[in-house]
Amino acid sequence: MAGNGWDRNAVPLCAGAVLGGALVLEVFVVLFQLRHEDGDGHEHEKGQPFPFSSLVSLLFLLGNALENARRFITASPSTRGVMLAGAGQGWDYCYSCQTHVPPRCAHCFSCSVCVLRRDHHCTLLGQCLGYQNYRYFLCLLLHGAAALLFGCLLNAKVVMLLQQEETPVRTVLLLVVPWLMLLIGQVSFTTFIYAFVTDVCMVGFLFCTGFLLFHALLTLRGQTTKEWFEGDRQYNLGWWSNLQDVLGERWYLVWLSPFIASPLPGDGITFLTKKPKSEPLTKSRDY
Ligand SMILES: [Zn+2]
Ligand SMILES: [Zn+2]
């Protein structure tokens, strides 16, 4: 099974690693190049002071993103190895796994297994987003978005330095349609590369930020994506409890580092539900 899992995930993981690695390398090169140039684009003989703060910030963001990605993939939210003791209210039956499954659990046909509190299957990382790894997914998006914004700003600065002699319209055109500017011979290949990487980082940043905001909203509302589509808010216990359910007891610290322990209060099998407003405000546990 492990071999099959690797075969299934190999392509997206390798492609992501190569792309991410190339991007990181490029940003590091830019960071070190920039210290040799002043604001006017002229090279200093001795260079500027070593950019320790920028380097440390970038390493912090990248380290956080990579460790969160690793934990997201390895902290499997599947029902494999989980004792599912009998069926009850809200339980369903999975014909693929041939077993009863608890509320909010759903089968993933990409992973070929049922996933606790399943949200969706992340194709890029080849893993399902569920009960055990939600925290790492959110933190990966946060630190990934910040690192991409960092890379975007660094590359944009180089583009500005290279385009100092040009009009602002040409610079904007270069950033919006770099391929076209290269094809019609308006920019050098080096300038095109910096503009292209700026765009890639910007698109990645917008992608990560959009996903982060959407899932942050779902977390605050105590919903999965499927429940959001269906308008199901029975698991909404208030934003404080919702955050604890997903990010653990130390939800306010998990953003700093994936190494900070934050045990989840539940088991991924039973969930507290809230009755509709028209009914008395009593909480019951959904078995
Ligand atoms: Zn199943
Ligand atoms: Zn899956």
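Residues numbered from 1 in each chain as written. Chains lettered and ligands numbered in written order. Predicted model: local features only at pLDDT ≥ 70, side-chain atom pairs only at ≥ 80, totals over all residues.

Looking up the protein in an unreviewed UniProt entry gives the name Palmitoyltransferase, with the organism given as Gekko japonicus. In UniProt, the protein has this text filed under Catalytic activity (unreviewed entry): "L-cysteinyl-[protein] + hexadecanoyl-CoA = S-hexadecanoyl-L-cysteinyl-[protein] + CoA". (UniProt positions renumbered as here; feature names shortened; annotations may be inferred.)

**Q** What's the story with the overall build of the protein in this structure? I'm lost.
**A** Tallying secondary structure elements over the protein gives eight helices and eight strands in all. Classification of the 287 residues of the protein by burial places 27% in the buried group. In the protein, of all internal contacts separated by at least 6 residues, the share reaching a separation of at least 24 is 54%. (Helix = DSSP H or I, 4+ residues; strand = E, 2+ residues; numbered from the N terminus. Buried ≥ 20, exposed ≤ 12 C-beta atoms within 10 Å, placed from the backbone. Contact = placed C-beta atoms within 7 Å.)

**Q** Please clarify how the nonpolar core should be interpreted in this entry.
**A** The tendency in soluble globular proteins is for nonpolar side chains to be buried as a group. Counting residues in each nonpolar core, the largest one holds 44 residues, and the members touching the most others are F137, L140, A147 and L148. Going through the elements one at a time, α2 (52-74), β4 (113-115), β6 (127-129), α3 (134-162), α4 (168-176), α6 (189-221) and α8 (239-247) are the ones with two or more residues in this core. Top element by residues in this core is α3. It accounts for 15 residues. (Core = buried A, V, L, I, M, F, W, Y, C linked by C-beta atoms within 7 Å.)

**Q** Before we go on, may I ask you to explain the UniProt feature "transmembrane region" (unreviewed entry) in the protein in this structure?
**A** In the numbering adopted here, UniProt assigns the feature "transmembrane region" (unreviewed entry) to residues 12-34, 134-160, 172-196 and 202-220. End C-alpha to end C-alpha, residues 134-160 measures 39 Å, and it is 100% helix and 0% strand. A helix fraction of 76% and a strand fraction of 0% characterise residues 172-196, whose end C-alpha atoms lie 12 Å from each other.

**Q** Looking at this structure, I do not really get the environment of P103. What am I missing?
**A** Along the polypeptide, P103 turns up in the loop between β2 (99-101) and β3 (106-108). For P103 and G90, which are 13 residues apart along the polypeptide, the C-alpha to C-alpha distance reads 5.2 Å.

**Q** Looking at this structure, I do not really get the packing of α6 against α8. What am I missing?
**A** Helix-helix packing: each pair is described by the crossing angle between the helix axes and the interaxial distance. Where α6 meets α8, the axes come as close as 7 Å, and the angle between the chain directions of the two elements is 115 degrees. When the interaxial angle is binned, α6 and α8 end up roughly perpendicular. Contacts between α6 and α8 involve T219, L220 and R221 from the former and W239, N242, L243 and V246 from the latter. (Axes fitted to C-alpha atoms, helices over the stretch in contact; angles between N-to-C directions. Parallel < 35°, antiparallel > 145°, perpendicular 65-115°, else oblique.)

**Q** Explain unusual backbone geometry to me, please; I cannot follow it from the model alone.
**A** Glycine aside, the phi torsion of most residues is negative, and most peptide linkages are trans. The phi dihedral of R104 falls on the positive side, at around 70 degrees, and the residue is not glycine. Topologically, R104 is positioned in the loop between β2 and β3. Its 25 C-beta neighbours within 10 Å are what place R104 among the buried residues. Although it is not a glycine, R117 sits at a positive phi angle of roughly 45 degrees.

**Q** Before we go on, may I ask you to explain α2 in this structure?
**A** Helical periodicity: at 3.6 residues per turn, an α-helix aligns residues three or four positions apart in one direction. For α2, with 23 residues, the first-to-last C-alpha span of 32 Å sits near the 33 Å given by 1.5 Å per residue. Those residues of α2 not exposed but buried are L58, L61, L62, N64, A65, N68, A69 and F72. (Expected span 1.5 Å × (residues − 1).)

**Q** Where do I start with the environment of D245 in this structure?
**A** Mapped onto the secondary structure, D245 falls in helix α8. For the pair D245 and L272, spaced 27 residues apart in sequence, the C-alpha separation works out to 9.9 Å. Ignoring sequence-local partners within four residues, the contact set of D245 consists of G222, P265 and G266.

**Q** How should α8 be read in this particular structure?
**A** Considered for burial, the residues of α8 that qualify are D245, V246 and L247. End-on, the buried residues of α8 take up no more than an arc of 165 degrees, which puts them together on one face. Its buried side turned inward, α8 meets α3 and α6. Backbone geometry just after α8 places G248 at a positive phi near 95 degrees. (Arc of directions from axis to C-beta.)

**Q** For this particular structure, what's the right way to read the environment of L13?
**A** Along the chain, L13 falls in helix α1 (residues 2-34). In this structure L13 comes out as partly exposed when scored by C-beta crowding, with 17 C-beta atoms within 10 Å. A sequence separation of 111 residues divides L13 from L124, and the C-alpha atoms of the two residues are 7.0 Å apart.

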